[in-house]
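Residue-level structure breakdown
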Amino acid sequence: MKKHALWILLLTVVLLFTACADQQPAAGEQSPEETAKAFLNTFYTADEEGRYTEFLSATEGASSDETLDAAADAYHASLAELSTEEVVETLAQNRTLSQYDAAHAGQDVQVQSVELEADDGFYAFTVEIDAGGTAETYTGQISVAEDTGLVDNFYQAAA
């Protein structure tokens with residue numbers, strides 16, 4: 001019996017180690033460039049992992065502020081992992097992400113490239129996407145806070 005329990009314990013440890021090894025580093029554990037690129041890839045992959053579709057479904061007919069707030073939190077969760085609360089609040093207030101997702105609804109959007117150029121404490125960025133066979137380019141500025149390792153500013157230039 002002890003031998004069987006030992007094997008189960010060993011297998012559990014191996015599985016946990018494998019699962020942890022496969023996870024990407026958190027925002028504070030990667031370079032500022034990696035964090036900025038991860039944020040931009042997440043933002044510009046329209047309806048990433050069904051975020052917009054789920055958001056629309058959750059808010060359709062919602063009758064309480066709590067329901068709407070929970071849906072908005074879930075909608076912005078993937079970006080919240082990479083950015084400060086202020087950035088997420090600005091994205092929500094300005095509807096930056098939802099406007100982008102709505103404009104690309106029903107399209108298969110793939111990020112083709114993300115280029116960063118250091119620019120006086122910021123990165124100037126250029127993101128190229130393939131939106132259902134149509135090439136689009138987005139530019140702007142992004143910065144990552146040294147103390148937290150999180151995106152603390154995101155500005156998309158007018159398209």
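The structure contained in this document is the topic of the report that follows. Just so you know, these numbers come straight off a predicted model, no measurement behind them.

**Quick notes on the nonpolar core**
Residues F39, L40, F43, Y44, I129, I142 and F154 are the most contacted members of the largest nonpolar core, which totals 29 residues. When near neighbours in sequence (up to four residues on either side) are disregarded, I129 contacts Y44, Y100, H104, V109, Q110, V111, Q112, T134, A135, E136 and Y138.

**Points about the pattern of salt bridges**
Inspection of every chain in the model, using the stated rule, returns 2 salt bridges. Residues R51 and E48 are paired through a salt bridge, measuring 3.9 Å at the closest nitrogen-oxygen approach. On the basis of relative accessible area, R51 is assigned to the buried category, the value being 6%. Notably, a salt bridge pairs D101 with R51, separated by 3.0 Å at the nearest N-O pair. In this pair, D101 sits in helix α6 (residues 96-103) while R51 sits in helix α3 (residues 51-59), placing the two residues 50 residues apart along the sequence. Each member of the salt-bridge network shares a partner with another, and the members are E48, R51 and D101.

Conventions we followed
Residues numbered from 1 in each chain as written. Predicted model: local features only at pLDDT ≥ 70, side-chain atom pairs only at ≥ 80, totals over all residues. Heavy atoms only, no water. Core = buried A, V, L, I, M, F, W, Y, C linked by side-chain atoms within 4.5 Å. Buried < 20%, exposed > 50% of the residue type's maximum accessible area, 1.4 Å probe, protein only. Contact = heavy atoms within 4.5 Å. Salt bridge = Lys/Arg side-chain N within 4 Å of Asp/Glu carboxyl O. Helix = DSSP H or I, 4+ residues; strand = E, 2+ residues; numbered from the N terminus.

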